[in-house]
Structures are given as structure tokens and as C-alpha cells.
Amino acid sequence: MPFFKDEAELRQILGELYDRVKCDPQIAPRICEGRIVIQFRYDEPHGVATIDAAHPPTQPGAFCDVFWGEVDLKPDVEMSMKADIAHQFWHGKINLMTALARRQIIAKGPIPKILKLLPAVEPMYTLYPRILREMGREDLVLTR
């Protein structure tokens, strides 16, 4: 059974993660150092999230912008995967290199730019389960 029942739930949960990160003074500036536009394309359920860390943010207090749905912004990197893979990745349960090799995650764009972001996103592996618990979604927290 998939972790997310529909696009609305996917957007609500991952949206909360991305919204917190874009304002986090410890995580966001490190992501912005990459000066990258990264787009996540999810399936089962479908969803598209674009993180613009290449341009000045439009929201006060944010270090970058996050857009849901199709946008005119051209991504430097596009990452396509099932939403369940993203859920496991944000728990720190999926190794990016292994997922790329197994084609669980399909990357378009410069892989070195993606790999440079890994140290910046590592704190999200503990943040994501904490957000799930705060949202009352303990059922989605992966423990093993």
C-alpha cells in the first residue's frame, strides 16, 4: 500500500517539509550555495515540486522558493521517482547513488550538483519524521 493516498496528501506532507527547510537558517543556506533549481517529479501519486535556490526568494524570511505543480522555471536538475521512494529517502533509508543505479530515482541534469547537495540535506532525515509526528502521522514514520 502506498504511503500517500493522493496528490493532496503528498503535497501537504512533503510541502510541510519543504516549507520548513526553505526558512531553516541551518539547512537552507547550504542548499542555496548550490545555486540550483531542482524539480522533483513524483508518481503514485503524481506531484511536482520545484525548489528554486538559484534566484532571490519571494517570501520574506525564506532562503529559497518552493512551487507545486507545473511551472515555467527551467530546472537545472530533474529528479523523478515514485512518491514512496521520496518518503523513504527523506527518512534517510534510501542511498541516492544506489537508487540512481537501480533506476528507482531518475536524474536529469548534472549529477555532481545533486551529490554536492547531499551533505546539506542530511539534517532533513531527522526533521522529516519529526514533522510527521507533529502532524499526527506517526503511521507514516519508518522505524527500520
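Here the structure is shown first, and the text comes after it.
Along its 17 residues, helix α1 (residues 7-23) runs 24 Å from first to last C-alpha, staying within 8% of the 24 Å computed at 1.5 Å per residue. If you look at α1, its biggest bend is around 25°, right at Gly15. The inward-facing, buried residues of α1 abut α2 (28-32), β1 (37-43), β2 (47-52), β3 (65-68), α3 (83-90) and α6 (124-134). A side-chain oxygen of the first residue of α1 lies 3.3 Å from the backbone nitrogen of Ala8; this N-cap is Asp6.

Here we come to empty space enclosed by the protein. Left-over empty space is what a probe sized like a water molecule reveals as it rolls over the atoms. Across all of its chains, the model carries one cavity of 30 Å³ or more by this definition. In this structure, the largest cavity encloses a volume near 290 Å³. Looking at the largest cavity, it is lined by 21 residues, and the ones nearest its centre are Ile38, Phe40, Trp90, Leu117 and Val121. Of all elements in the fold, only α1, β1, β4 (77-82), α3 and α5 (111-121) reach the threshold of two or more residues within the lining of the largest cavity. Sort the elements by how many residues they give to the lining of the largest cavity and α5 lands first, with four residues. A breakdown of the residues in the lining of the largest cavity according to their chemical character gives 20 nonpolar, no polar and one charged.

Scoring rules and cut-offs
- Residues numbered from 1 in each chain as written.
- Predicted model: local features only at pLDDT ≥ 70, side-chain atom pairs only at ≥ 80, totals over all residues.
- Heavy atoms only, no water.
- Helix = DSSP H or I, 4+ residues; strand = E, 2+ residues; numbered from the N terminus.
- Expected span 1.5 Å × (residues − 1).
- Bend = angle between axes of the 7 residues up to and from the residue.
- Contact = heavy atoms within 4.5 Å.
- Polar contact = N/O pair within 3.5 Å; in protein donor to acceptor, adjacent residues only side chain to side chain.
- 1 Å grid on protein atoms, 1.4 Å probe; cavity = no way out; pocket = protein on both sides within 12 Å on 5 of 7 lines; lining within 4 Å.
- Points joined across faces, edges and corners; volume = space filled by probe spheres on them.
- Nonpolar A, V, L, I, M, F, W, Y, C, P; charged D, E, K, R; others polar.

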